[in-house]
Amino acid sequence: MCVENILACFDKANSEQVEEGATWYHVAHEVALSVGAGNIQRGAGILAALSPRLRWDLNIAAAYELTRDGNTSRQFGANRDKALRILHGEKSCKVLGGLKVRAFYEAILHPHNRAGKAVIDRHAASVYYGVKLDAEGVDKVLGSKPKVREIQKAYAKAARKRGVSTYTMQATCWVIWRTS
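Residues numbered from 1 in each chain as written. Predicted model: local features only at pLDDT ≥ 70, side-chain atom pairs only at ≥ 80, totals over all residues. Heavy atoms only, no water.

Visitor: Sorry, what's going on with the pattern of salt bridges here?
Guide: Opposite charge on two side chains permits them to pair, given that their charged atoms come into close proximity. Under the definition given, this model contains nine salt bridges. Linking aspartate 11 and arginine 162 is a salt bridge whose minimum nitrogen-to-oxygen distance equals 2.8 Å. Of this pair, aspartate 11 sits in helix H1 (residues 2-11) while arginine 162 sits in helix H10 (residues 145-162); the two residues are 151 residues apart in sequence, bridging distant segments of the chain. Since its relative accessible area comes to 44%, aspartate 11 is described here as partly exposed. Between arginine 68 and aspartate 69 there is a salt bridge, with the nearest N and O atoms lying 2.9 Å from each other. For arginine 68, a relative accessible area of 59% puts it in the exposed group. (Salt bridge = Lys/Arg side-chain N within 4 Å of Asp/Glu carboxyl O. Helix = DSSP H or I, 4+ residues; strand = E, 2+ residues; numbered from the N terminus. Buried < 20%, exposed > 50% of the residue type's maximum accessible area, 1.4 Å probe, protein only.)

Structure (structure tokens):
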């Protein structure tokens, strides 16, 4: 049932939306190269660390603000502190935690990986269930590692059915869901 929800969302995409989904992480990779001044691990790590509950355009702005000013007003607490640690040389893979943040980092770092794990955020979880989850539902789902892994597997299965990468499936659904 839930794989069918993902496929139904993906199948609504027009050709421009499929192209946007197929290139989304490639574009994010280029942004990360710029944010990290050529160091993709640093740039992807900073973007991933700042990403929780932050729209992509604000995530980018926060990353540039952090690298330019050594701080950002757009993200606080542990997320900002992790980004600062990465900025100052700690390895992203040792600093980042959480399934969503780690998957986001890997997707930005390796956008060509056809078998990468889907980035499960509130939009991806809502697509999986076929309904917009409220804040409590999002927290319940994203707070459960087994549930996130189940959703990641469903995206991978849906991607195989359509002959696209898991990242393309997830990103295309993200494009569709957030605008519907």
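Visitor: What exactly am I supposed to notice about the packing of helix H2 (residues 15-35) against helix H4 (residues 56-69) here?
Guide: The contact between H2 and H4 brings their axes to 10 Å, and the two run at 15°. With respect to H4, the axis of H2 lies roughly parallel. Read as a crossing pair, H2 and H4 show a hand that is right-handed. Packed against H2, whose contacting residues are Trp24, Ala28, Val31, Ser34 and Val35, the element H4 presents Trp56, Ile60, Ala63, Tyr64 and Thr67 at the interface. Classifying every residue of the contact of H2 with H4 gives eight nonpolar, two polar and no charged. (Axes fitted to C-alpha atoms, helices over the stretch in contact; angles between N-to-C directions. Parallel < 35°, antiparallel > 145°, perpendicular 65-115°, else oblique. Left-handed = near helix turned anticlockwise from the far one by under 90°. Contact = heavy atoms within 4.5 Å. Nonpolar A, V, L, I, M, F, W, Y, C, P; charged D, E, K, R; others polar.)

Visitor: In this structure, what is going on with the environment of isoleucine 46? I would like to understand it.
Guide: Of note, isoleucine 46 is situated in helix H3 (residues 40-50). Note on isoleucine 46: relative accessible area 0%, which makes it buried. For isoleucine 46 and tyrosine 105, which are 59 residues apart along the polypeptide, the C-alpha to C-alpha distance reads 8.8 Å. Beyond its immediate sequence surroundings of up to four residues, isoleucine 46 is in contact with Val35, Ala63, Leu66, Thr67, Ala83, Ile86 and Leu87.

Visitor: What exactly am I supposed to notice about the confidence of the model for the protein chain here?
Guide: One rule of thumb: low pLDDT means the predicted coordinates there are not for detailed reading. On average, residues of the protein chain score 95 in pLDDT, and 100% of them are at 70 or above. The spread of mean pLDDT over the elements of the protein chain runs between helix H9 (residues 135-142), the lowest at 92, and H3, the highest at 98. (pLDDT = per-residue confidence, 0-100.)

Visitor: What am I meant to see in the packing of aromatic side chains here?
Guide: Working definition: an aromatic ring pair is given by the centre-to-centre distance plus the angle between the planes. For the structure shown, the criterion picks out eight aromatic pairs. Measuring from centroid to centroid gives 5.9 Å for tryptophan 56 and phenylalanine 104, while their planes differ by 85°, and the two rings are edge-to-face. Remark: phenylalanine 104 occurs in helix H7 (residues 99-109) and tryptophan 56 occurs in helix H4; sequence separation between them is 48 residues. For the pair tryptophan 56 and phenylalanine 104, a shared accessibility class is recorded, and that class is buried. A centroid spacing of 4.9 Å and a plane angle of 90° characterise the contact between tyrosine 128 and tyrosine 129, whose relative ring orientation is edge-to-face. The exposure class of tyrosine 128 is buried, given its relative accessible area of 5%. The ring of phenylalanine 104 is capped by lysine 100, whose NZ or CZ atom sits 4.9 Å from the centre of that ring. The positively charged end of arginine 178 is found above the aromatic ring belonging to tryptophan 174, 3.9 Å away from the centroid. (Phe/Tyr/Trp six-rings, centres within 6.5 Å; stacked < 30°, edge-to-face > 60°. Lys NZ or Arg CZ within 6 Å of the ring centre and 35° of its normal.)

Visitor: Looking at this model, I keep getting lost on the layout of surface pockets. Mind explaining?
Guide: Unoccupied space between atoms shows up once a probe the size of one water molecule is rolled over them. Looking at the largest pocket, its volume works out to about 750 Å³. Contributing to the lining of the largest pocket are 31 residues, with Ser51, Pro52, Arg53, Lys100 and Asp121 lying nearest its centre. Elements that contribute at least two residues to the lining of the largest pocket include exactly H2, H4, H7, helix H8 (122-129), H9, H10 and helix H11 (166-179). Taken together, the residues that form the lining of the largest pocket break down as 15 nonpolar, eight polar and eight charged. The space that makes up the second largest pocket amounts to roughly 190 Å³. In terms of lining, the second largest pocket is formed by 13 residues, of which the most central are Ala115, Gly116, Ala156, Arg160 and Thr166. A per-element tally of the lining of the second largest pocket places H10 first, with six residues. (1 Å grid on protein atoms, 1.4 Å probe; cavity = no way out; pocket = protein on both sides within 12 Å on 5 of 7 lines; lining within 4 Å. Points joined across faces, edges and corners; volume = space filled by probe spheres on them.)

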